[in-house]
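# Residue-level structure breakdown
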Amino acid sequence: MAVTTSQFVGAFLLALFAVASSFDPFHRTGQSMNPMGSGGQQGPFMPHEYVRFADVKRQCRSVLASAAELTFDANRATALMPELSFLKADWRQDVNDGTPLMPFDGTDVPDSAAASDPLQLATFTLTHVDVALRGKTALNVSGVLGVAVCRNGTAPEMGPYVSPEFKVWPGSTEMKILFEGVYTETGDGESVLCLVGEALLPRRGADAANPWDWAKNSDRKNFQPPITNDKNVLLVIRYPTTLTLTTRAVRGELTSTNAQSDAAYFGAVTMLSQLGAYSNYKFGSEELVSTACSTKPYPDDVLGDGSGLYTGGSLCGILDLFTSEDVFAVVPNWKCNSTDAICRRLGPFEADKSVDATDGGFKDVGILMQDIRCDPSSGSGERSARVSAVLRAVPPSEHLYTAAHRSGLSGLTLSAEGVWRASTGQLCMVGCLGVGKKACHSRVCLYVRTGFSATRRTVVMGQITSIGGVTHSPLTFRRAMHPSELWNRFGVSGGAPLTMAYNYTKVKQAGEFLTRSEPFNFGTAIAKSLLSYPRLSGDDQSSLADELTLHVPVVPDPFPRERFERPFLQLEVLSLGSLVGRNVPAIPGMQLAEDGRGKGRPTSESQTETTPTMETTTSILNVSAELTLSGDLYANVSTLFLEGVYNQVDGRMYLIGCRSIDAPWRDFSAMRALEDGMDCSIEVRVDYPPTTAQWLINPTAKVHIASTRDPLDPRRFDAMSLQTLPIMYRQQRQDILSRRSVEGILRLATLVAAIGAEFSQLMYIKANTDVMPYVSLVMLGVQALGYSMPLITGAEALFARIAAAGVNAPPSYVVDKSQLYWTIDCVVKILVLAAFLLTLRLAQKVVRSRIRMLTRSPLEPGRVPSDRKVFLYSFGPHLLGFMVILAVRYVSAIGRPVQQEDSYMDASGRSHALRQWAVTLEEYVGLSQDFFLLPQVVGNVLWRINCRPLKKSYYVSLTVVRLLPHLYDYIRAAPAINPYFAEEYEFVNTSLDFYSAFGDVAIPLLAIALAAAVYVQQRWNYKIISRTVKTQQKKLQHLGSRVYERLPSMSSGNFEAELVAGVNEATVGPRRDANLT
């Protein structure tokens, strides 16, 4: 009977549980969705047991009571996860009751008063939706909420591996809360998430006035924040089911269900976000739009006469290009003539202190267009489009990336909706600040420009005006068009078809600049006739525009001796003659645009001022460009909009530059000579290198920038001259390589001359064996050292180049691997090796001759020439000079800023360390080679020669060979760094300090003086000494001495004349020495 009763009780409880399950929307078993919403078993990383359904029923009682029946399928449930998630929403908390949610450690900045206010951001991610078993009115869901207070705009990262977390460090505090609950829908157009969660809450201190004292200096060692695990957290988020202009706000509230006296209790936190890209927008605010845009078109300051505006049928395609990553610059209120409060206000937006600090100049203030929706139509015979977007003001203190990903609605956001009409080219929208229909007191007019000029380089421009509410000056914002975007955004990559036009308004002024800068000079005229510069080839204006475009580092001109900043210069040609942008090659099957041209092809039309332009001659072309220059020293000219003329005869571009002015609004009234609020009192001249004779003239461009304002004008800046690193024209690779080939041929010629001189000296001493011992071994050693260094250092590069020859690379990237230069390199190395071996042969014969002298006169070793003193006397000055130069460079480097160790990059792109002492040593080795005759001059003095050890053609030829690099460098002009090869010169390395203008003159003079000294010593030295010091004649070793005789040697199959000592003057006949060969 007991068993029967137990079975009955068990069956009753099972039935009761089944009934409860049919009513309760939570189920802990069955199929569940994966993170993207589709069915299937969940992996072990995402548990969804839904163990807190009792807490959810209790806390969400009111939400469940008002829930309507759910009538959607699995596809609708799949879309819930991205649709209900939001990123970087705004959250606020009223902490008047003294129960804040989390602390913030502001010790990341030393001056908290000047620091920007931290951002309070919240991110919610729906991680799971259970649709396998659901109730009629609710779905089981789970999610993660990340709450942050941060100065850099970061937010907690969400992912599948999440758990309750709390982190605090200087400048940022993050908290992650795990939730589970229900999703419901009401009958009045609202969806609701009601969730209970678990969090690690920071414990507040006993001092109610300063509860977070423990959070200061949170980066200290062994810091552990005091936390409490709390499961009494409730989150309710309400979503509108229809996305419209006035119903797009997502509101959330995070509360604590603990008693207010509990230590884990915190005040209510409110969150505000908006529906995102996964929700369909419903246009329907015609009444508000018609009120704001009653006049069609609305005559604002931007519209003007309506010319130069886009009136085609692809507005939606153009707007798609301007995503949330593109920022519009806010134009200063330079036309404002009202009160200070009105003129310095950022339109309808509620600005922070960083915006107020700009004082109406709005420097670094931007506006983003987010969530752009565009619906084109062609009803009533007129092309039009309905457009919706959210305009977000970005203060200078906020990072652009953070602002682009924020979804909150606040006083910095303006929701807009309106209509664009092709007949007027104007997009007129009504704007609503923050949330609600009552905040729609702004008019937003937007234009797409297709006509440019020197002062109008914007592709999209807009203005916000007031139609009630807060009074403010019209706020203008613009999106500048960079010339490269004509290809990247509106080119063959799929952009919308546009017909671009440029109106030249500065050509006359640029022509006057040209006439003033180019007075007639006979020498210049001859140079122009011998050189050619980039010019038109037929009608290919696009290729010439590419040639004139510069992207290259620059250095001050003249080149400074101290360390300096190396800025980067970009000169982008916008238009050239009648061309605007670049020509796009025709693509078979390309869809034709409405103007009959290929889709995505930016066509061009050129307009000029009514006065005669410089296009009347074939050598002068109208041109417009944009110049950007990096570096703090060039902040005044960081961005210039240029327009002028290009002279194809001398390769010079004469331009008038316009720059934007960053100043408080009231300062504009005192400025003179402004055009559309821009300063156009700037002259820019660009000198391009010739396309010919690149091996003789450095291929560097020069840029001169000067202000034409009065000397006392505060907007005037000092003139500056810059020189680029070498540039290479697109069709000129072989011309640039010709310089390397010329230098290679020169090196071949000099090596052949050196080998000829070595060979002539070898023949000379074989015919005149008496002079052989008096050739300095130190002199030969210096030459051998010079020949051996390229063999040792170049061998590794030779084998590395062989290894890299098999790499598949486009021909344009293997400039220095062509067969011609490979052959020249190999021949050079072979000739260097031959010269090295000939030098060793000369040294061998000198050593043998001295050994034979010592063998024949063992009791008089002083009679044999020795190079010991020669080495000391020659090495001493070089060592002293080397130490002096190191000391001078060390002293000069003390005042320079400390930098990391220099490095250089070879042709393969590998970086190598560059040590200054090693560079100086290499320079000095080269200097010792230039002064190779110094040891011979010293030896001639020490040995008191009465002979001619060196053949005149030998030392004269080698001196000329050593001086040719200096002569070539002096003629070729100032040294420059070639970015296309590992070595700048085949013939001379001008990176060495000794190849400077002074060194190119002083070193040859000293080398010629040494050669003259050798000539004098060998021709007159003995006669002069014999007349003055007759008592020393017996000690002199001279020609005609009968102590020595020539004997044949049997060191090889052929007899070779060597110098040996005779044993007895009376001995007759030759003697063969088989021991010394």
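Each remark here, short or long, concerns the structure printed above.
Nothing here was measured: the structure is a model prediction, and the numbers come from that model.

## As for the state of the cysteines
In this structure the tally under the stated criterion is six disulfides. Residue pairing for C293: its cysteine sulfur links by disulfide to C428, the two sulfurs lying 1.9 Å apart. An S-S torsion of about -90° defines the bridge between C293 and C428 as left-handed. Of this pair, C293 sits in the loop between α6 (286-292) and α7 (315-320) while C428 sits in strand β14 (residues 426-433), and the two are 135 residues apart along the sequence. Each member of the pair, C293 as well as C428, carries the same accessibility label: buried. Here C336 is linked by a disulfide to C343, with a sulfur-sulfur distance of 1.8 Å. The sign of the S-S torsion, about -70°, decides the handedness of the disulfide formed by C336 and C343: left-handed.

## Looking at unusual backbone geometry
In the segment running from K296 into P297, the intervening peptide bond is cis, with an omega of -5°. For P297, the location among the structural elements is in the loop between α6 and α7. With an omega of 10°, the peptide bond between D557 and P558 qualifies as cis. Among the secondary structure elements, P558 is positioned in the loop between β20 (550-556) and β21 (568-576). One non-glycine residue, D359, adopts positive backbone phi at about 55°. By the element assignment, D359 lies in the loop between α9 (353-356) and β11 (366-377).

## Some points on the pairing of strand β2 (residues 119-130)
The element β2 is extensively covered by neighbouring structure, given that 10 of its 12 residues are classed as buried. Of the pairings in the sheet, the one linking β2 to strand β3 (residues 139-150) comprises 11 bridges and is antiparallel in character. Note on β3: the bridge partner recorded for H128 is S142.

## Focus on the packing of aromatic side chains
Taken as a whole and assessed by the stated rule, the structure comprises 11 aromatic pairs. Between Y281 and F283, the aromatic rings sit 4.9 Å apart at their centres with planes inclined by 70°, giving edge-to-face as the arrangement. F283 shares its class with Y281; the two are buried. When the ring of Y646 is compared with that of Y688, the centres are 6.1 Å apart and the planes differ by 90°; the resulting orientation is edge-to-face. Linking Y646 in strand β25 (residues 639-647) with Y688 in the loop between β28 (678-687) and β29 (702-707), this pair joins segments that are 42 residues apart in sequence. Chaining the aromatic ring pairs together yields one cluster made of W212, W214 and F223. The side chain of R443 reaches across the aromatic face of Y298, ending 3.8 Å from its centre.

## Some words on the environment of S273
Position of S273 relative to the elements: it lies in strand β9 (residues 269-274). With 188 residues separating them along the chain, S273 and S85 place their C-alpha atoms 9.9 Å apart. When residues no more than four places from it in sequence are discounted, the contact partners of S273 are F86, A89, R248, A249, V250, S407, G408 and L409.

## Quick look at the pairing of β25
Burial of β25 is extensive: eight of the nine residues sit out of reach of the surface. Relative to β25, strand β24 (residues 620-629) runs antiparallel, the two sharing nine bridges. Across the sheet, residue S624 finds its bridge partner in β25, namely E643. In the sheet, β25 pairs with strand β26 (residues 652-660) via seven bridges, with the strands oriented antiparallel. Note on β26: the bridge partner recorded for V645 is Y654. In textbook terms, the turn of a hairpin is the stretch between consecutive antiparallel strands, and for β25 and β26 this stretch comprises four residues, one of which, G651, has a positive phi near 65°.

## Comments concerning the sheet that holds strand β12 (residues 384-394)
Strand pairing in a sheet is mediated by backbone hydrogen bonds. Such pairs are either parallel or antiparallel. Pairing is antiparallel in the closed barrel, where eight strands are placed in the order β10-β11-β12-β13-β14-β15-β17-β18. Across this sheet, the average inter-strand angle for adjacent strands is 30°, counted without regard to direction. For strand β17 (residues 458-466) and strand β18 (residues 475-480), the ladder comprises six bridges, and the chain directions are antiparallel. Residue pairing in the sheet places G462 in a bridge with F477 of β18.

## Quick look at a nonpolar patch on the surface
Residues F871, L872, Y873, F875, L879, M883 and L942 make up a contiguous nonpolar surface patch of roughly 690 Å² in combined accessible area. Per-element accounting of the nonpolar patch gives the leading share, six residues, to helix α18 (residues 868-894). Owing to a relative accessible area of 56%, L872 belongs among the exposed residues under this scheme.

## Topic: helix α12 (residues 507-517)
Burial in α12 covers these residues: V507, A510, G511, F513 and L514. Buried residues in α12, looked at end-on, bunch into an arc of 160°, giving them a common side. In α12, the exposed positions that point more than 90 degrees away from the buried face belong to T515 and R516. Residues of α12 that are buried in the fold lie against β19 (499-504), β24, β25, β26 and β28.

## A word on the pattern of salt bridges
By the definition in use, this model includes 29 salt bridges. Residue D55 pairs with R58 through a salt bridge whose shortest N-O separation is 3.0 Å. In this pair, D55 and R58 are both assigned in helix α2 (residues 53-59), three residues apart and thus about one turn of the helix distant. Look at D55 and you get partly exposed, because its relative accessible area is 21%. For R58, a relative accessible area of 42% gives the class partly exposed. For the salt bridge of R344 with D359, the shortest nitrogen-to-oxygen distance reads 3.6 Å. Separated by 15 residues along the polypeptide, R344 in the loop between α8 (340-343) and α9 and D359 in the loop between α9 and β11 bring together distant segments of the chain.

## Description of the side chain of D713
Examined against the element boundaries, D713 turns out to sit in the loop between β29 and β30 (720-724). According to the relative accessible area criterion, D713 is buried, its value standing at 18%. At 3.0 Å, the side chain of D713 forms a polar contact with the side chain of R709. In this structure the side chain of D713 is engaged in a polar contact, spanning 2.9 Å, whose partner is the backbone nitrogen of R715.

## So, the side chain of R709
Tracing the backbone shows R709 in the loop between β29 and β30. For R709, a relative accessible area of 7% corresponds to the buried category. Not counting chain neighbours up to four residues away, the residues in contact with R709 comprise R672, A673, L674, D679, S681, R715 and R716.

## Describing the environment of M720
Relative to the helices and strands, M720 is located in strand β30. A residue is classified by how much of its surface remains accessible, and M720, at 14% relative accessible area, is buried. In this structure, the C-alpha to C-alpha distance between M720 and D557, residues 163 residues apart in sequence, is 8.2 Å. Not counting chain neighbours up to four residues away, the residues in contact with M720 comprise Y634, V637, V703, H704 and I705.

What counts and what doesn't
- Residues numbered from 1 in each chain as written.
- Predicted model: local features only at pLDDT ≥ 70, side-chain atom pairs only at ≥ 80, totals over all residues.
- Heavy atoms only, no water.
- Disulfide = S-S within 2.5 Å.
- Helix = DSSP H or I, 4+ residues; strand = E, 2+ residues; numbered from the N terminus.
- Buried < 20%, exposed > 50% of the residue type's maximum accessible area, 1.4 Å probe, protein only.
- Pairing = 2+ DSSP bridges.
- Phe/Tyr/Trp six-rings, centres within 6.5 Å; stacked < 30°, edge-to-face > 60°.
- Lys NZ or Arg CZ within 6 Å of the ring centre and 35° of its normal.
- Contact = heavy atoms within 4.5 Å.
- Axes fitted to C-alpha atoms, helices over the stretch in contact; angles between N-to-C directions.
- Patch = residues over 30% accessible without salt bridge, like charges linked within 9 Å, V, L, I, M, F, W, Y side chains within 5 Å.
- Areas by Shrake-Rupley, 256 points an atom, 1.4 Å probe, with all protein chains shown as cover.
- Salt bridge = Lys/Arg side-chain N within 4 Å of Asp/Glu carboxyl O.
- Arc of directions from axis to C-beta.
- Polar contact = N/O pair within 3.5 Å; in protein donor to acceptor, adjacent residues only side chain to side chain.

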